[in-house]
Amino acid sequence: MTDTVTRSINHAQFTIEREVPVAPAVVFQAFADPAVKAKWFGTEEGWEQGEVSMDFTVGGREINEGTFHQVSSRFVATYTDIVDNERLVYTYDMWLNGSHISTSVATWEFEPTATGTTLTLVEFGAHLDGFDTGAQREEGTRALVDALVDYLIANA
């Protein structure tokens, strides 16, 4: 079998910050509770849910797999640091249609404010073999953060 993929690696970093009118503990629960996370993560119209599992502990893994517009996506994360109501750190790998497209480190910080929480995500990614780019990942992640913020506001 001949490998026709041109091998490459592209590095990218981005930061997303949002203000939400809920306490850090509420934001944290949106990640920690699988039933709550299912209400905002992967809820796009047309998303067909596949395998889902979550072990929200340091060293634990989360898997979220599904199909969107006939493209299969697989997210596999390992939690490396969890400080209740303050921060999350995890590494994650993404696959599209069976091809490994990236490995990333994501940090989420939940800082209390007078009116709620400042939510800050910083992500560092290694994007593999031209299957995606940092700009594409940032665009998709912004949509995910927007879904989280919309959920938190609607349920405040």
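Residues numbered from 1 in each chain as written. Predicted model: local features only at pLDDT ≥ 70, side-chain atom pairs only at ≥ 80, totals over all residues. Heavy atoms only, no water.

(A) Region of interest: the overall build of the chain. Per the secondary structure count, the chain includes three helices and seven strands. Taken against the 2.2 N^0.38 rule, which gives 15 Å for 156 residues, the C-alpha radius of gyration of the chain at 16 Å falls within 12% of a compact globule. Dimensions of the chain along its principal axes, counting C-alpha atoms only, are 60 × 30 × 30 Å. Carbon and sulfur atoms form 52% of the exposed surface of the chain, whose accessible area is close to 8500 Å². Averaged over its 9 positive side-chain charges, the chain has a centre that lies 3 Å from the centre of its 24 negative ones. (Helix = DSSP H or I, 4+ residues; strand = E, 2+ residues; numbered from the N terminus. Rg over C-alpha atoms; globule rule 2.2 N^0.38 Å. Areas by Shrake-Rupley, 256 points an atom, 1.4 Å probe, with all protein chains shown as cover. Lys, Arg positive; Asp, Glu negative; His and termini not counted. Charge placed at Lys NZ, Arg CZ, Asp CG, Glu CD.)

(B) Focus on the sheet that holds strand β7 (residues 116-128). As summarised here, the arrangement of the seven strands in space is β1-β7-β6-β5-β4-β3-β2, forming an open sheet in which the pairing is antiparallel. A strand with exactly one partner marks an edge of an open sheet, and here the two such strands are β1 (9-20) and β2 (47-54). In this sheet, adjacent strand axes meet at a mean angle of 15° when their direction is disregarded. Strand direction decides the pairing type here: strand β6 (residues 99-113) and β7, joined by twelve bridges, are antiparallel. Within β7, the residue paired with T113 across the bridge is G116. Its contacts with the sheet place helix α3 (residues 134-154) against β1, β5 (87-96), β6 and β7, and it is angled at close to 20° to β1. (Pairing = 2+ DSSP bridges. Axes fitted to C-alpha atoms, helices over the stretch in contact; angles between N-to-C directions. Contact = heavy atoms within 4.5 Å.)

(C) Spatial organisation of the nonpolar core. Counting 32 residues, the largest nonpolar core has F31 and W108 as the members making the most contacts within it. Only β1, α1 (24-32), β4 (71-83), β5, β6, β7 and α3 provide two or more residues apiece to this core. Once residues within four sequence positions are removed from consideration, F31 is found in contact with K37, W40, M54, F56, L88, W108, F110 and L148. (Core = buried A, V, L, I, M, F, W, Y, C linked by side-chain atoms within 4.5 Å. Buried < 20%, exposed > 50% of the residue type's maximum accessible area, 1.4 Å probe, protein only.)

(D) Molecular detail of the environment of V71. Here V71 lies in strand β4. The partly exposed category is assigned to V71, whose relative accessible area is 31%. With 53 residues separating them along the chain, V71 and F124 place their C-alpha atoms 24 Å apart.

(E) Broad picture of the packing of aromatic side chains. All chains considered together, the criterion is met by twelve aromatic pairs. Ring geometry for F31 versus F110: centroids 5.7 Å apart, planes at 40°, classification tilted. Highlighted residues: F31 in helix α1 and F110 in strand β6, separated in sequence by 79 residues. Here the two residues F31 and F110 agree in accessibility, since each one is buried. Each ring, one from Y90 and one from Y92, has its centre 6.0 Å from the other, and the planes form 50°; the classification is tilted. Both residues of the pair, Y90 and Y92, count as buried. Here the aromatic cluster, defined as three or more aromatic residues joined through ring pairs, consists of F28, F31, W40, F41, F56, F75, Y79, Y90, Y92, W108 and F110. Stacked on the ring of F41, the Lys or Arg K37 has its end atom at 4.7 Å from the ring centre. (Phe/Tyr/Trp six-rings, centres within 6.5 Å; stacked < 30°, edge-to-face > 60°. Lys NZ or Arg CZ within 6 Å of the ring centre and 35° of its normal.)

(F) Structural view of the pairing of β6. The pairing of β5 with β6 spans ten bridges and is classified as antiparallel. Paired with W95 across the strands is H100, a residue of β6. Between the end of β5 and the start of β6, which pair antiparallel, lie two residues, with N97 showing a positive phi angle near 45°. Where β6 folds back onto β7 in an antiparallel hairpin, the turn is made up of two residues.

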